[in-house]
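Examining the three-dimensional arrangement
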Amino acid sequence: MDYKLPFKEYNRALRKSRLLGLRCNSCGAITCPPKMSCQECTGLDLEVTELSGKGSIVTYTTSFGAPQGRENELPYTIVIVQLDEGPWIMGNLIDMETDKITFDIIGRRVKMGSRVYPGDVYSAGASARPVFSFDDQI
Amino acid sequence: MRKVAVLGMGHSQFCFNSPRTQVELMSEVALDAITSSNLIAKDIEAAFIGNCLGTIAEGQATIQQFAVNDMGCLNIPALRYEGACASGTIAVREAFMHVAAGHYDVVLVAGVEKATALGTPLATRCFSMAGDSRYEYPSGYTFPAAFALLAHLYASHYNIPLPKLKEQMAAVSVQSHFYGNKNPLAQLRFEITAEDVLNSFMVSTPIQLHDCCPFTDGAAAVVLASEEVAKKIYSKPCWITGVGLATSGQLSSQYRYLPRLRARELSVEKAYKMAGIGPQDVDVCELHDCFSIASLIASESLGFFEFGTAGEAWLKGETKVDGKIPINISGGLKSKGHPIGATGVSQLYHICKQLRNEMVDLGLQVEGARTGLVDTLGGDGCLCHLVVQR
Ligand SMILES: [Zn+2]
């Protein structure tokens, strides 16, 4: 059985800041990042759909310690965003200085762009990653 | 299904920079477990080995083959289990099932890790391999970050002001160090204060250095046996009466349940049911406190406290040795240390010590403990539980 939205295709779109997901023809749920099966009902009748990349922050952290090879990125902020279409995805928050980030960013509206993590000896190549910036007025 | 006993046990000093190789560490604790079971190496029918990062730390794959050969258990079936930080517990569960099913009567379970050989940057990289490599690691996802994300989510979900949650998290670390200081096997044998926690290096907001367990070298081993063998050769067996294991996908895919980990609730429910008990029957628990917030999240899903209230329980002393539910009286991962492949076996070791009333001299005995629970988390979705009774 063919994989409907493999990493390679998802990643190619994400590099262009386009977010692809899967719509389930059984239950209507959206799965993102992609999987073989619907993340709600495990159904296999899925079709590729483009998502808005918009949503709101549900949680965040600013890291001051990095894995080997990523020290130059410090400090960086990771967010989990609830997309308007339902799923939660992980990415980085980019348009706020890390020392200004406080608990009240939870709930803020964001929109998605992308950057590339070039990878290391363990990563089998590069991966695009979602990056988020605010999409609201304070 | 047959009853399965824990017989003799072995446990290394948990430390930084062990002078021993992984095989040497494992052989020492394995022989302690075997000889204290009144057995010799030749009596062991199969070995179940927990090891996660040995391939990178020492460039050694299939460590199980070298380990059993080293300890004199020549040519026996030996298997390595990898479930990140739960590797050791998963090895125990597998060994339990083989003995329960009647495949074997006497088996060895041993776990080992030499995480400090990696150094902190590479160890951080390797631990992050237990997160989703394609869809979450590119964002810089590490395990401190995982629990930091959960901590902020916990505060927001249960509407707990962050400074209050930080105070509760600090209480977890303070308690672990208070007990770990009394445990001669512990890696970090010193007491700390809440102030120490709140003044320590910020690793990943809101997780500070003293919210984190250390990287650790160490090993632990147990012999498991059928009831028939146990009754013949060993005077103080403990019995594994329930086991559970459950998994889930990457952190963001768990969005319906977070900050609760659904796999933990499914796994412990299975273990409780198999043992015919509930959380109210547990006298002592060793749970997976890789980060202080992890203790709050775990203890609630294990059924000890209402959701969102575990931090208050720690502050009130309900998790102390004489509290409502004594938790991590060994010092936990935080103070005792966390050699990931060995951690689950070490948790089992300390539960059995409690059930055998052997912690009295250390001032760590939970009086009259009859039923213990082991909770171990690997990666962000590999949960394993053991119910142990005397
Ligand atoms: Zn579906």
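Residues numbered from 1 in each chain as written. Chains lettered and ligands numbered in written order. Predicted model: local features only at pLDDT ≥ 70, side-chain atom pairs only at ≥ 80, totals over all residues. Heavy atoms only, no water.

1. Some points on the pattern of salt bridges
- In total, this model carries 20 salt bridges over all chains according to the counting rule given.
- The salt bridge involving Glu28 of chain B is made with Arg20 of chain B; its shortest N-O contact spans 2.8 Å.
- What makes Glu28 of chain B partly exposed here is its relative accessible area of 39%.
- Note that Lys316 of chain B is salt-bridged to Glu318 of chain B, the shortest N-O span being 3.9 Å.
- Salt bridges here are not isolated pairs; linked through shared partners, they connect Arg70, Glu73 and Arg129 of chain A. (Salt bridge = Lys/Arg side-chain N within 4 Å of Asp/Glu carboxyl O. Buried < 20%, exposed > 50% of the residue type's maximum accessible area, 1.4 Å probe, protein only.)

2. Thoughts on the coordination of the zinc ion
Residues and elements named next belong to chain A.
- Donor atoms from the polypeptide that bind the zinc ion are Cys24 (SG), Cys27 (SG), Cys38 (SG) and Cys41 (SG), placed at 2.3 to 2.4 Å.
- Note that the zinc ion binds four donor atoms; their angles at the metal cover 103 to 115°, and the shape is tetrahedral.
- Donor residues for the zinc ion, ordered by position in the chain, follow C-x2-C-x10-C-x2-C.
- When its relative accessible area of 3% is taken as the criterion, Cys24 is described as buried.
- Cys27 gets classed as partly exposed once you look at its relative accessible area, which sits at 40%. (Donors = N, O, S within 2.8 Å, 3.2 Å for Na, K, Ca; no water. Tetrahedral: all angles 85-135°; square planar, octahedral: opposite > 155°, others 65-115°.)

3. Thoughts on the layout of surface pockets
Residue and element names in this part refer to chain B.
- The space that makes up the largest pocket amounts to roughly 960 Å³.
- Put simply, the parts of the chain that give the lining of the largest pocket at least two residues each are helix 2 (54–57), helix 5 (120–128), helix 6 (143–157), strand 5 (202–204) and strand 10 (371–378).
- The element best represented in the lining of the largest pocket is helix 5, accounting for five residues.
- Residues that form the lining of the largest pocket fall into these classes: 30 nonpolar, 13 polar and four charged.
- Broken down by element, the lining of the second largest pocket gets its largest block of residues, three residues, from helix 10 (residues 262–275). (1 Å grid on protein atoms, 1.4 Å probe; cavity = no way out; pocket = protein on both sides within 12 Å on 5 of 7 lines; lining within 4 Å. Points joined across faces, edges and corners; volume = space filled by probe spheres on them. Helix = DSSP H or I, 4+ residues; strand = E, 2+ residues; numbered from the N terminus. Nonpolar A, V, L, I, M, F, W, Y, C, P; charged D, E, K, R; others polar.)

4. Looking at the interface of chain B and chain A
- At the interface, 35 residues of chain B touch 42 residues of chain A.
- Here chain B packs against chain A, burying approximately 3300 Å² in sum over the two surfaces, 60% of which is carbon and sulfur.
- The largest share of the area that chain B buries against chain A comes from Arg134, Tyr135 and Tyr255 of chain B, three residues that together contribute 23% of it.
- A salt bridge links Asp120 of chain A to Arg125 of chain B; the nearest nitrogen and oxygen atoms lie 2.6 Å apart.
- There are 20 residue pairs in polar contact (both at pLDDT 80 or more) connecting chain B and chain A.
- For the side of chain B that touches chain A, the secondary-structure elements that each account for two or more residues are helix 5, helix 6 and strand 5 of chain B.
- If you tally residues by element for the side of chain B that touches chain A, the top one is helix 6 of chain B, at seven residues.
- Taken together, the residues that form the side of chain B that touches chain A break down as 20 nonpolar, 11 polar and four charged. (Contact = heavy atoms within 4.5 Å. Buried area = accessible area lost by both parts, 1.4 Å probe. Polar contact = N/O pair within 3.5 Å; in protein donor to acceptor, adjacent residues only side chain to side chain.)

5. Looking at the domain arrangement of chain A
All names here are of chain A.
- Each assigned domain of chain A is listed here: domain 1 (7–51) and domain 2 (54–134).
- For domain 1 versus domain 2, the separation of C-alpha centres amounts to 20 Å.
- Domain 1 puts 13 residues into the contact, and the matching count from domain 2 is 14 residues.
- Across the domain 1-domain 2 interface, the total number found is zero salt bridges.
- Inspection of the domain 1/domain 2 interface yields four residue pairs in polar contact (both at pLDDT 80 or more).
- Broken down by element, the residue count for the side of domain 1 that touches domain 2 peaks at four residues, all from helix 1 (residues 7–15). (Domains from an automatic or database assignment.)

6. Quick notes on helix 3 (residues 63–71) of chain B
Residues and elements named next belong to chain B.
- Here helix 3 has its buried residues at Ile63, Gln64, Ala67, Val68 and Met71. The arc that holds the buried residues of helix 3, viewed along the axis, is 120°, so those residues lie on one side.
- Against helix 1 (22–35), strand 2 (46–50), strand 3 (78–81) and strand 4 (106–114) lie the buried residues of helix 3.
- Gly72 occupies a position one or two residues after helix 3 and carries a positive phi of about 95°. (Arc of directions from axis to C-beta.)

7. Considerations on the sheet that holds strand 9 (residues 284–286) of chain B
Residue and element names in this part refer to chain B.
- In spatial order, the strands read 3-2-4-7-1-8-11-10-9; together these nine strands make up an open sheet with mixed pairing. One side of each edge strand has no neighbouring strand; the edge strands of this open sheet are strand 3 and strand 9. On average, each strand axis in the sheet is inclined to that of its neighbour by 25°, with strand direction left out of account.
- Where strand 1 (residues 4–11) meets strand 8 (residues 238–247), three bridges bridge the pair, whose relative direction is antiparallel. Within strand 8, the position partnered with Val6 by the bridge is Cys238.
- Running over the sheet, helix 10 touches strand 8, strand 10 and strand 11 (382–389) and is turned about 150° from strand 8.
- Sheet strands touched by helix 14 (residues 340–355): strand 1, strand 2, strand 4, strand 7 (217–226), strand 8, strand 9, strand 10 and strand 11. Its angle to strand 10, the strand with the most contacts, is close to 170°. (Pairing = 2+ DSSP bridges. Axes fitted to C-alpha atoms, helices over the stretch in contact; angles between N-to-C directions.)

8. Side note on the packing of helix 7 (residues 162–180) of chain B against helix 11 (residues 292–301) of chain B
All names here are of chain B.
- Running from amino to carboxyl end, helix 7 crosses helix 11 at an angle of 95°, the nearest separation of the two axes being 8 Å. The pairing of helix 7 with helix 11 is recorded here as roughly perpendicular in orientation. Mapping the contact onto sequence places Leu165, Gln168, Met169, Val172 and Ser173 in helix 7 and Ser292, Ile293, Ser295 and Leu296 in helix 11.
- A class-by-class count of the residues in the contact of helix 7 with helix 11 yields five nonpolar, four polar and no charged. (Parallel < 35°, antiparallel > 145°, perpendicular 65-115°, else oblique.)

9. Considering the sheet that holds strand 1 (residues 19–24) of chain A
All names here are of chain A.
- Strands sit in the order 2-1-3 across an open sheet of three strands; the sheet is antiparallel. Each edge of the open sheet is held by one strand with a lone partner, namely strand 2 (30–31) and strand 3 (46–51).
- Taken together, the two bridges between strand 1 and strand 2 define a ladder with antiparallel strand orientation. Within strand 2, the position partnered with Leu22 by the bridge is Thr31.

10. Some details on the environment of Gln347 of chain B
All names here are of chain B.
- As for its position among the elements, Gln347 is in helix 14.
- The exposure class assigned to Gln347 is buried, which follows from its relative accessible area of 1%.
- As for Gln347 and Leu386, which are separated by 39 residues in sequence, their C-alpha atoms are 9.7 Å apart.
- Excluding residues that lie within four positions of it along the chain, Gln347 makes contacts with Thr89, Glu286, Leu287, His288, Leu333, Lys336, Val374, Asp375 and Thr376.
- Polar side-chain contacts of Gln347 include one of 2.7 Å to the side chain of Thr376.

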